[in-house]
There are 2 protein chains.
Amino acid sequence: MTTPANPIDPVKLDKLAQVAIKVGLQLAEGQDLLMTAPMSAAPLVRRITEHAYKAGAGLVTTIYSDEEATLARYKYANDKSFDKGAGWLYSGMAEAFKANTARLAISGDNPMMLSGQDPDKVSRANRANSAAYKPALQLITGFDINWNIVSYPNAAWAKLMFPNDSEEVAVGKLADAIFKASRVDVDDPIAAWKEHNANLKQRWTWLNGKNFASLKYSGPGTDLTIGLADGHRWKGGASEAKNGITCNPNIPTEEVFTTPHRLRVEGTVSSTKPLSHNGTLIEDIQARFEGGKLVELKASKGQDIFNRVLDTDEGARRLGEVALVPHSSPISASGLLFYNTLYDENASSHIAMGQCYADCFVGGKELTQEQIFAQGGNTSNIHIDWMIGSDKIDIDGIHADGSSEPVMRKGEWA
Amino acid sequence: MTTPANPIDPVKLDKLAQVAIKVGLQLAEGQDLLMTAPMSAAPLVRRITEHAYKAGAGLVTTIYSDEEATLARYKYANDKSFDKGAGWLYSGMAEAFKANTARLAISGDNPMMLSGQDPDKVSRANRANSAAYKPALQLITGFDINWNIVSYPNAAWAKLMFPNDSEEVAVGKLADAIFKASRVDVDDPIAAWKEHNANLKQRWTWLNGKNFASLKYSGPGTDLTIGLADGHRWKGGASEAKNGITCNPNIPTEEVFTTPHRLRVEGTVSSTKPLSHNGTLIEDIQARFEGGKLVELKASKGQDIFNRVLDTDEGARRLGEVALVPHSSPISASGLLFYNTLYDENASSHIAMGQCYADCFVGGKELTQEQIFAQGGNTSNIHIDWMIGSDKIDIDGIHADGSSEPVMRKGEWA
């Protein structure tokens, strides 16, 4: 009898855990850590826990989710269950963040987990969860503390990406793709991230210098003008949280991003990659914006779910983020479709519906919610990215005086 | 190649899950459920989640613990870590209980998990955790909501009980012992529990009628008088929580129990079974009480840890519970030593250091903390049961006028 080799390289997995703590979080000596993860990601959780304690963590606490328990709810729960969220848990999390606890999320859930479920139940459960999560989410999007998301190659996700391979081979391929995109397949990942952050800084410094009033997108199915918020600031890569710690909130990350003006988006736009949102796939989105609001929506798959999500609140049909990613970015160059926003959004320019990032304003850390709103920042219980970039999209920057200059041509920096 | 059979009978595991929901919790339609469990107990968590939703649960949320993460803390964390507790999580739990969320704990951790660790770190971590847990624990011991503990046959626990068997055989034996003790090895476990609760009620009704002032224990190494609290009430089996739901907080349970007077315990007592407390074994305890306080302590193993635990607070060296279990109880008759208090305390008369149960007073649900204290109830951040019963122990009930009558002879009801 032969034992199959572990398809996930343990050395690279350990490097990913180190990068999560040392680059993603820059966890401080004595700082507590709150982690969330699918149960199947336990091998990475354990590596991260070890590196957190080695870095001097106070207490590391992990809240696991379990796909089987989630599905049992859809299978057996009565109708009223789907309007409930775990408010007590999220208010506990908010308490932890207010006490300077760092936050790390491991993504890797099955992107199709809820695809067979009743869209009404799915959207109501999402909405109830978003409402319950808001107190904790605001402290994250407001960068009160250092936070980070990394991924683990779970089997269902791998099989969706590589349906013709055995589970073992699929997991191995996804693991390698994650390690490459997360820059842990090199000798010195920490140096690689330093260099990458410097490159991203060069991009956002250029964009901040230009101070465009709006961006104009042109391409197949897309003729869209996105006004940028007053006093917006471009960011990307490393980010200083209000607690003074510089973290890399997304691993991987290839984007530079800022805050659009919630009232100044006009035109039509088409998605260029499927969006996987909380276990549901939404494909071939076509949307029309008027006065900043998404007023018309079509999708070949998941249209009903997406429409219901956008009914969450007043801000859900307006933009909270605009991000630029060149088509030649390493994740895009892999040619893989990940069905996972953390990856797909870093292979393509994208926009996000809902909540904006306070830190994407000049002096954002000191601005009140009211000031951010007055400058055009959006507020919502949701924040959902979707991909609108490809090698067929041109983007022009429009100055306040109406003059314009190229930002991207055929999906590449101009 | 042959696949080994699952050593845990899936039909009985499902019955255990049903009993946890229908007898242990009597979960109400629409009630939320908060579960805690070791990760290795996921198969039972999933069965319980299913039965909770089938019974009309609102939202079921499970907080998993992971032995490997706990050990990583002891291996890698700096010294200051051991004074930290997850206060944010427990205050979230307390919020959930205040909103009428039911609570289910699955026990089954490795009883020896922390046996190789620094006793100073172990006791400081326990103390910090107890202090953080207090707001949630008080709502449980006060029976604000329906709660329940059941067990899952984890491998390390099984191997400790059956060291000469393979892991598979050991797990199978422990599973069978759990199913038998939990009364799910019969056709109709719910009827069996109804009958068992009626038998326990007969015992505590008799004891309440007697209204003894104290109990006197005699046997090898034991000459102890335990004064009972003023207005104490004996309980056992089913218990009505303040939310009006009758739950069976422990599965299994064989005990009838009440509240001793925290100032009226005199004499010496010896443990009759090892105590496993948070991953440490404490064996051959010999203790002397004076004025209700444990003033002298010896133990052949774990004496240092136990002493440190008893330094937690003022109430930790005083009794919070006294419980009677006949030596012929089914768990005792199995001849097995479980190294798990939920089992061993139901094989033997026992006492508990620390916090008392408010509901073990006449009218206890309406009494304030101050009234309970004035009647002799103890308060502490800990509640640790240890076993003092055997077939060599006699117990007499002493009336207020000094007259006495036998309660137990050679460990059996007199």
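Above this text is the structure in question.
These figures come from a predicted structure and were not determined experimentally. (Residues numbered from 1 in each chain as written. Chains lettered and ligands numbered in written order. Predicted model: local features only at pLDDT ≥ 70, side-chain atom pairs only at ≥ 80, totals over all residues. Heavy atoms only, no water.)

Chemist: What exactly am I supposed to notice about the overall build of chain A here?
Modeler: When helices and strands are counted, chain A shows twelve helices and 20 strands. Taking 22 Å as the expected radius of gyration for a compact globule of 414 residues, we find that chain A reaches 20 Å, a close match to that expectation. Based on the C-alpha atoms only, the size of chain A along its principal axes is roughly 70 × 50 × 45 Å. Expressed as a percentage of the 414 residues in chain A, the buried residues total 58%. (Helix = DSSP H or I, 4+ residues; strand = E, 2+ residues; numbered from the N terminus. Rg over C-alpha atoms; globule rule 2.2 N^0.38 Å. Buried < 20%, exposed > 50% of the residue type's maximum accessible area, 1.4 Å probe, protein only.)

Chemist: Explain the interface of chain A and chain B here, please?
Modeler: Quoted interface sizes are often the accessible area lost when the parts come together. Taken together, the 40 residues of chain A in the interface contact 40 residues of chain B. When chain A packs against chain B, the two sides together hide about 3400 Å² of surface, and 63% of this comes from carbon and sulfur. Linking chain A with chain B are six salt bridges. With a closest N to O distance of 2.9 Å, B:D32 and A:K84 form a salt bridge. One can count 14 residue pairs in polar contact (both at pLDDT 80 or more) joining chain A with chain B. For the side of chain A that touches chain B, the element with the highest residue contribution is helix α4 (residues 87–98) of chain A, accounting for eight residues. (Contact = heavy atoms within 4.5 Å. Buried area = accessible area lost by both parts, 1.4 Å probe. Salt bridge = Lys/Arg side-chain N within 4 Å of Asp/Glu carboxyl O. Polar contact = N/O pair within 3.5 Å; in protein donor to acceptor, adjacent residues only side chain to side chain.)

Chemist: Hey, could you run me through the sheet that holds strand β16 (residues 350–354) of chain B in this one?
Modeler: Sheet strands associate in pairs through backbone hydrogen bonding, adopting either a parallel or an antiparallel arrangement. All names here are of chain B. With antiparallel pairing, the four strands of this open sheet are ordered in space as β9-β15-β16-β17. Bordering the open sheet on either side are β9 (256–258) and β17 (383–387), each of which pairs with just one other strand. Going from strand to strand, the sheet's axes swing by 20 degrees on average, the running direction of each strand aside. Two strands pair when backbone bridges link them, and strand β15 (residues 319–324) and β16 are joined in this way by four bridges, in the antiparallel orientation. Residue pairing across strands places A323 opposite H350, the latter belonging to β16. (Pairing = 2+ DSSP bridges. Axes fitted to C-alpha atoms, helices over the stretch in contact; angles between N-to-C directions.)

Chemist: Would you mind showing me how to read the relation of the copies chain A and chain B here?
Modeler: Here the two chain copies are tied together by a rotation about an axis and a shift along that axis. Each copy superposes on the other: chain A lies on chain B with an RMSD of 0.0 Å after a rotation of 180 degrees and an axial shift of 0.0 Å. Within this description, the copies of the chain are treated as partners about a two-fold rotation axis. If distances are taken from each C-alpha of chain A to the rotation axis, the shortest is found for A:G92, at 2.2 Å. A shared interface surface links the copies, since 100% of the contact residues of chain A are contact residues in chain B too. (Least-squares fit on C-alpha atoms with pLDDT ≥ 70 in both.)

Chemist: Whenever I open this one, the state of the cysteines confuses me. Can you help?
Modeler: Linking two cysteines covalently through their sulfur atoms gives a disulfide. A full pass over the atoms with the stated rule returns zero disulfides over all chains. A:C360 supplies the cysteine sulfur nearest to A:C356, a cysteine that is in no disulfide, at a spacing of 8.0 Å. (Disulfide = S-S within 2.5 Å.)

Chemist: Explain the pairing of strand β2 (residues 60–65) of chain B to me, please; I cannot follow it from the model alone.
Modeler: The side chains of a regular strand alternate between both faces of the sheet. Residue and element names in this part refer to chain B. Counting buried positions over the six residues of β2 gives five, a clear majority of the element. Here strand β1 (residues 33–38) pairs with β2 via six bridges, running parallel. Following the sheet pairing, P38 is matched in β2 by S65. With respect to chirality, the unit in which β1 leads through helix α2 (residues 42–54) into the neighbouring parallel β2 is right-handed. (Right-handed = clockwise from strand over helix to strand, strands pointing away.)

Chemist: I'm lost on the sheet that holds strand β10 (residues 260–270) of chain B in this one. Help?
Modeler: All names here are of chain B. Read from one edge to the other, the open sheet built from eight strands follows the order β14-β13-β10-β6-β5-β18-β19-β20, with strand pairing classed as antiparallel. At either margin of the open sheet sits one strand with a lone partner, and together these are β14 (293–298) and β20 (412–413). Sheet topology note: the strand β5 (residues 214–219)/strand β6 (residues 222–228) ladder contains six bridges and is antiparallel. Within β6, the position partnered with S218 by the bridge is D223. The sheet strands contacting helix α8 (residues 189–210) are β19 (404–409) and β20, and the helix crosses β19 at an angle near 160 degrees.

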